[in-house]
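Results of the structural survey
Each chain is listed here by its residues.
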Amino acid sequence: MSIDLVTIGLITGITYGLLGIGITLIYRLSGTLNLAQGDIGAFGGAVVMLLAVRYGWPLPIALLVGVLGGAVIGGLTEIIVMKRLGNRSAVVLMVATLGVGQLVTLLRVSLPGVEPFAPFPTVINAPIEIGPVDLTGAESSALIIAPIVAVVVWWVLSHTTAGAVVRATAANREATRLAGIDASLVSTMVWVAAGAIAVVATTTAVPLRGGTAVALASVGPGLLLRGFAASAIGRLHSIPMTLVGGLVLGVGEAMAINYFTDPGVTNLVVFVLVVIGLARLPRQDSDDGTRVHDVGRPWSDWPSTMRVQIARFAPTVMTISAIVALPFFVTSAGNTFQLARLAVLVLIVAATTVLAGWSGQVSLAQYALAGIGAIVSARLIDAGATWETSLVGAAVVAAVAAALVALPTSRLRGSQLAIATLGLSVMAPAWLFRQGITGAEQVLEVPRVDFGVFDLVSQRAYYLFVVAVVAVMFLVLTVIGRRATGRRWRAVRDNERAAAAFGISAWRTRVAAFALSGGLAGLGGGLLAGLLVTFRRGEFTPEDSIEIVVMAVIGGLGSLGGAILGVVYVGALPAFFSDLSSLQLLVSGVGLLVLLMYFPDGLASIVRRAQAALAGPPRPRGHAEVSGERIDATAPATPLDGIVERLTLNVDRHRGGAAALSVVGIEVRFGAVAAVEDVDLTVRAGEIVGLIGANGAGKSTLLNAISGLQPARGRVELGGRDISRLGAERRARLGICRTFQDARLFPNLTVRETVLVAAATRERDSVMLDALVPAIWRGTERRLAERADAAIGLTGLSRFVNEPCAVLSTGTRRIVEVACLVASAGHVLLLDEPTAGLAQREVEQFPPILHALREHLGATVVIVEHDVAMLSHACDRLVCLEAGFVIADGPPEQVRHDPRVIESYLGPDAVAISRSGVVAADR
């Protein structure tokens, strides 16, 4: 490896690291992946070139104006868009930056043009010789500017008061606000700095990538991906490591260019480094910032009148009628071709909206997967396969490709996964589609054939065939969404920890969702190939994949009807008015931002509101149709009233026998801090054990270690079986059920759906069976419905079955948790502060509930609580923790009077010890 090669790689890598530093700054502060970073840099670079080349401004002044322009756009993005969106999920904020990127691109292309091949101006024009290395002016400029900016950013963050404020805000925004620091202003300044850095990075990178106006126009997903790669290697946190990541990436690219004749190999190298960097990121739950979706009230809340039926079914009937009738009114071949293309896009967008809306993952590679499907279809036909067989092959190969991308990265948040898919969308047309396995022809052909009743040669017949296929796929997706698979996906999206406690593997769920979405995109690609008849490999660009996501968000994530609305809104106008070159950017950019800010659930939510207005007022909340009978829930009594009398299931009891749960030498450390250290705990079958201790004593951490949610050293045995190496979902299937202090459950699932998720704890999920086998032929759905309905009836929740968990009171959510415990039939229950947030009257009803769970369900209970008096009446034993150690274990009366417990936790105040003892003793 020559020193020239390494030097060029390092210089190029510095610019990538600089772009990554801007991405890292924003992500570190707000958790948002800024997909507009490259577009902001390209806009600033265009301003610099316009002023310096066309108008002859001095380069330093032009650079200053360009950097200021990037800073202004960055600041306006935070003020106008990010602040407006508030505490939306990271996925929604990331998608919003797509809209910003579209608008910034529109601004860039609206600037006055310069000569296409005019050289991009650089600070240093003459070549410089440094020892054995000869550097061009562009390389010298990058070598001087980029390190200086990177060092300045690092120094400001590490050694100044402003940097300390930024770090503190990133660590704890609320604490910073309480300290009197305007966290909002800090956020704005970080976005301003990131916008300025983007322009500096672009103006130093473009001269190294061609150095002309054409090269500047091509700045987009490719350069953005390199910034993301550097940031991922820096673990989206470290400024120095991000710069190192850029250097590694630059050297890797230089080596690929030197040793391989295929220029697309550089994008493969970037993709591999992105996946490696993402795989090294620390694991994080995906439920932080989950937003409650506007799913609307179920139609069962309305009376069954003609007006309601019209409001309910009119949009569907009108849509179907328009889709079928359009080709008979739009008769020209060109317009019918556009209709067929839009129909194919509906399928690809539906795959995206299901993936993002149901499982919380964002794919920026759906059109690349469609390209895989198109090429596979063409290759299979060329090999002698029938056309219908080629469509199946297209779907299968695209599904496998999607799964391979998801395997190493699906444990990450949906927004982080988007980086890997962006890498696939950049790498596929530049390298993958050019490999020998895809054939040597640059132009591929898929001839149309007669297919049953469809003579697919005509544009109208092909359109109707595509519509038929899309309709079948919509039906399949609808069925999946209503069965166990769809409920599992939405549960993982809403609350990954709670889903794992109900036996759901988040990793398997995400991979399955991604594979299904990829398969649908591949099928769409096969249909698109048949529509085009002949197509080039490079037609499936990253920009098209981004446009697919924009359509999905505008239509409404999670809504299949929204996929149609999004395609019509974003795709129809540019398709039929192609002479307006900027219309697509305007429609998608403005439309996306306006909808996210004012109608965050997309056009589908507007349709739902119109339907509700047409249907008239629904029944008051608390009325529900259950098995044909209306349940009146207007009674003011607490949901806890009467629950003990209803818990009358008969099961085998195992009281006082062998150990149901045994914990030996459990140790959990967070860095150098021991949260739990050398804890031994044995719980006999049918026993109720209470864990007490001060905040930070390690109680919840111990429950997490027992349930498998927290990696730990030591041994956990369930009924004598060592389960220490099993994940949380497998432990749940063996009978360990876990509840959480926040009782958040799954905000966007209804009560019945939530209990159905719990009822499926012991059941194996199957996407194929859910999609293809009618429910009447499957015992699984019947069993789940029976368990869920029984648990709902026993806990008195019938009047709440259609209510989303997000709108329930704390007390009602606690009863939903009890219903989930009943439905899951778990025999070891780990309860984390189940009375938190309840009124004292409701707290006093919990001991009988715990006894009912033990007596009627045969359950063994370990409960964490701060109400020692309540635990004293509910538990057989109390165990007190202090700083991760067990300091007392025995009968409640003994532990309450243990001097170590009094000193560590209870204190000498007798009132604190028996806060609710009088009332509880009277019961």
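This structure is a prediction, so every number in the text was calculated from the model and none was measured. (Residues numbered from 1 in each chain as written. Predicted model: local features only at pLDDT ≥ 70, side-chain atom pairs only at ≥ 80, totals over all residues. Heavy atoms only, no water.)

Notes on the overall build of the chain
Keep this limit in mind: Comment: elements are numbered from the N terminus, with helices defined as DSSP H or I runs of at least four residues and strands as E runs of at least two. Contacts between residues were defined by any pair of non-hydrogen atoms, one from each residue, lying within 4.5 Å. We get accessible surface area from the Shrake-Rupley algorithm with a probe of 1.4 Å; when it comes to residues, only the shown protein chains can shield them.
Counting secondary structure elements, the chain contains 39 helices and 18 strands. Summarising the internal contacts of the chain: among those between residues at least 6 apart in sequence, 77% fall at separations of at least 24. Counting every atom, the chain has about 36,400 Å² of accessible surface; 62% of that belongs to carbon and sulfur.

What to know about the nonpolar core
Short version of the rule: For this analysis, a nonpolar core means a set of buried residues of the types Ala, Val, Leu, Ile, Met, Phe, Trp, Tyr and Cys, connected via side-chain atoms within 4.5 Å. With a 1.4 Å probe rolled over the protein chains alone, any residue whose accessible area is under 20% of its type maximum counts as buried; one over 50% counts as exposed, and the rest are partly exposed.
Core analysis: the biggest nonpolar cluster contains 175 residues, and Val95, Trp387, Leu527 and Phe535 have the highest contact counts within it. In contact with Leu527, other than residues within four places in its own chain, are Val344, Leu347, Trp387, Leu391, Tyr462, Phe465, Val466 and Val469. Val492, Ala498, Ile504 and Leu749 belong to the second-largest nonpolar core, a separate cluster that totals 66 residues.

Description of helix α19 (residues 484–494)
With 11 of 11 residues buried, α19 lies mostly within the body of the structure. Turning to α19, its buried residues are Ala484, Thr485, Gly486, Arg487, Arg488, Trp489, Arg490, Ala491, Val492, Arg493 and Asp494.

What to know about the sheet that holds strand β15 (residues 828–832)
Heads up, the rule is: The criterion for strand pairing is that DSSP finds at least two bridges linking the strands in question. To obtain an axis, a line is fitted to C-alpha atoms, over the contacting stretch when the element is a helix, and the angle between two such axes runs from 0 to 180 degrees between their N-to-C directions.
Read across the sheet, 6 strands follow the order β14-β15-β16-β11-β17-β18 without closing on themselves; strand pairing throughout is mixed. Both outer strands of the open sheet, β14 (736–738) and β18 (885–890), are each paired with one neighbouring strand and no more. Each adjacent strand pair in this sheet contributes to an overall mean axis angle of 15 degrees, direction not counted. Pairing of strand β11 (residues 688–692) with strand β17 (residues 877–882), which is carried by 4 bridges, proceeds in the parallel orientation. When the bridges of β17 are listed, Val689 appears paired with Arg877. Each of β11, β15 and β16 (860–864) touches helix α34 (residues 846–857); the most contacted strand, β11, lies at about 140 degrees to it.

Observations regarding empty space enclosed by the protein
Definition in use: The pocket and cavity definitions rest on a 1 Å grid over protein atoms only: a 1.4 Å probe that fits but cannot leave marks a cavity, an open set with protein on both sides within 12 Å along at least five of seven lines marks a pocket, and residues lining either have an atom within 4 Å of a point. Grid points are joined across faces, edges and corners, and a volume is the space filled by probe spheres set on the points. Residues are sorted three ways: Asp, Glu, Lys and Arg are charged, Ala, Val, Leu, Ile, Met, Phe, Trp, Tyr, Cys and Pro are nonpolar, and all the rest, Gly among them, are polar.
If you walk through the whole model with that rule in mind, you get 6 cavities of 30 Å³ or more. The space that makes up the second largest cavity amounts to roughly 70 Å³. Thr739, Arg814, Glu817, Val818, Leu821, Leu831, Pro834, Phe846, Ile849, Leu850 and Leu853 together form the lining of the second largest cavity. Among the secondary structure elements, those contributing two or more residues to the lining of the second largest cavity are α32 (810–824) and α34. Across the lining of the second largest cavity, the residue classes break down as 8 nonpolar, 1 polar and 2 charged.

Observations regarding a nonpolar patch on the surface
Heads up, the rule is: To count toward a patch, a residue needs a relative accessible area over 30% and no salt bridge; like charges are then connected within 9 Å, while nonpolar side chains (Val, Leu, Ile, Met, Phe, Trp, Tyr) are connected within 5 Å. The salt bridge definition used is simple: a Lys or Arg side-chain nitrogen within 4 Å of an Asp or Glu carboxyl oxygen.
Side chains of Ile128, Ile130, Leu143, Ile144, Ile148, Val151, Val152, Trp154, Trp155 and Val156 sit close together on the surface and give an oily, nonpolar patch of about 860 Å² of accessible area. Going through the elements one at a time, β1 (128–130) and α5 (137–159) are the ones with two or more residues in the nonpolar patch. No other element matches the 8 residues that α5 contributes to the nonpolar patch. Its place among the elements puts Ile148 in helix α5.

Some remarks on the side chain of Thr739
Filter applied, for reference: A 3.5 Å cut-off defines polar contacts: any pair of N or O atoms within that distance qualifies, except that in protein one atom must be a possible hydrogen donor and the other a possible acceptor, and neighbouring residues in sequence count only when both atoms are side-chain atoms.
Mapped onto the secondary structure, Thr739 falls in the loop between β14 and α29 (751–759). Among the polar contacts listed, one links the side chain of Thr739 to the backbone nitrogen of Asp832, at a separation of 3.4 Å. When neighbours within four sequence positions are excluded, Thr739 is seen to be in contact with Glu817, Leu821, Leu830, Leu831 and Asp832.

Side note on the sheet that holds strand β12 (residues 713–718)
Within the open sheet, the 4 strands sit side by side as β10-β9-β12-β13. Their pairing is antiparallel. Edge positions in the open sheet fall to β10 (673–684) and β13 (721–722), since each of these has one partner strand only. Judged from the 8 bridges that link them, strand β9 (residues 659–670) and β10 form a sheet pairing that is antiparallel. In the sheet register, Ser662 faces β10, and the bridge partner there is Thr682. Strand contacts of helix α27 (residues 699–707): β9, β10 and β12, with the helix running at about 115 degrees to β9, the strand carrying the most contacts.

Considerations on helix α1 (residues 3–30)
Owing to its 3.6 residues per turn, the α-helix aligns residues three or four sequence positions apart on the same side. Here is the rule we go by: Multiplying 1.5 Å by the helix residue count minus one yields the expected span of that helix.
Taking 1.5 Å as the rise per residue, α1 with 28 residues should run 40 Å; its terminal C-alpha atoms sit 40 Å apart, in good agreement. Most of α1 sits inside the fold, with 21 of its 28 residues counted as buried. One or two residues past the end of α1 sits Gly31, with phi positive at roughly 75 degrees.

Comments concerning the packing of aromatic side chains
Any pair of aromatic rings gets described here by the distance separating the centres and the angle formed by the planes. Here is the rule we go by: Each Phe, Tyr or Trp ring, with Trp reduced to its six-membered ring, pairs with another whose centre is within 6.5 Å; inter-plane angles below 30 degrees give stacked pairs, above 60 give edge-to-face pairs, and intermediate values give tilted ones. Cation placement over rings: the criterion is NZ of Lys or CZ of Arg within 6 Å of the ring centroid and within 35° of the ring normal.
In the structure shown here, the tally under the stated rule is 8 aromatic pairs. With a centroid separation of 6.4 Å and an interplanar angle of 45 degrees, the aromatic rings of Trp358 and Trp489 are classed as tilted. Of this pair, Trp358 sits in helix α14 (residues 333–359) while Trp489 sits in helix α19; the two residues are 131 residues apart in sequence, bridging distant segments of the chain. Note on Tyr462 and Phe465: the rings are 6.4 Å apart at their centroids and 50 degrees apart in plane angle, and the pair reads as tilted. Taken together, the positions of Tyr462 and Phe465, both in helix α18 (residues 459–482) and 3 residues apart, correspond to about one turn of that helix. Linked through ring pairs, Tyr367, Phe433, Phe535 and Phe540 together constitute an aromatic cluster. Over the face of the ring belonging to Tyr462 we find Arg448, whose NZ or CZ atom lies 4.8 Å from the ring centre.

Some words on unusual backbone geometry
Notably, Leu236 is not glycine yet its phi reads approximately 55 degrees, a positive angle. Here Leu236 lies in the loop between α10 (221–233) and α11 (239–259). Non-glycine residue Val533 carries a positive phi angle of around 70 degrees.

Description of the pairing of β15
Within β15, 5 of the 5 residues are buried, leaving the element largely enclosed by the surrounding structure. Here β15 shows no split at all, with Val828, Leu830 and Asp832 on one side and Leu829 and Leu831 on the other all buried. Across 3 bridges, the pairing between β14 and β15 is parallel. Its bridge partner lying in β15, Ile736 is registered against Val828. Judged from the 5 bridges that link them, β15 and β16 form a sheet pairing that is parallel. By the bridge assignment, Leu831 is partnered in β16 with Ile863.

Side note on the confidence of the model for the chain
Using the following cut-off: What pLDDT reports is the predictor's confidence in each residue, on a scale of 0 through 100.
Taken residue by residue, the chain gives an average pLDDT of 84. The fraction at 70 or more is 89%. A low-confidence stretch, residues 650–656 (pLDDT under 50), is modelled with 15 contacts involving residues beyond four sequence positions or located in other chains. Counting contacts from residues 915–923, a segment whose pLDDT is below 50, to residues more than four positions away or on other chains yields 15 contacts.

A few points about the environment of Gly686
Tracing the backbone through its elements, the reader meets Gly686 in the loop between β10 and β11. In this structure, the C-alpha to C-alpha distance between Gly686 and Val861, residues 175 residues apart in sequence, is 7.4 Å.

Some points on the side chain of Thr242
Tracing the backbone through its elements, the reader meets Thr242 in helix α11. Among the polar contacts listed, one links the side chain of Thr242 to the backbone oxygen of Ser238, at a separation of 2.6 Å. Residues within four places of Thr242 in sequence aside, it is in contact with Gly17, Gly20, Ile21, Thr24, Ala230, Ser231 and Gly234.

Thoughts on the pairing of β16
The buried fraction of β16 amounts to 5 of the 5 residues, a majority that puts the element mostly inside the structure. Side-chain alternation along β16 places Thr860, Val862 and Val864 on one buried face and Val861 and Ile863 on a second face that is also buried. Bridge analysis of β11 against β16 gives 4 bridges, and the strand direction is parallel. Bridged to Val689 within β16 is Val862.

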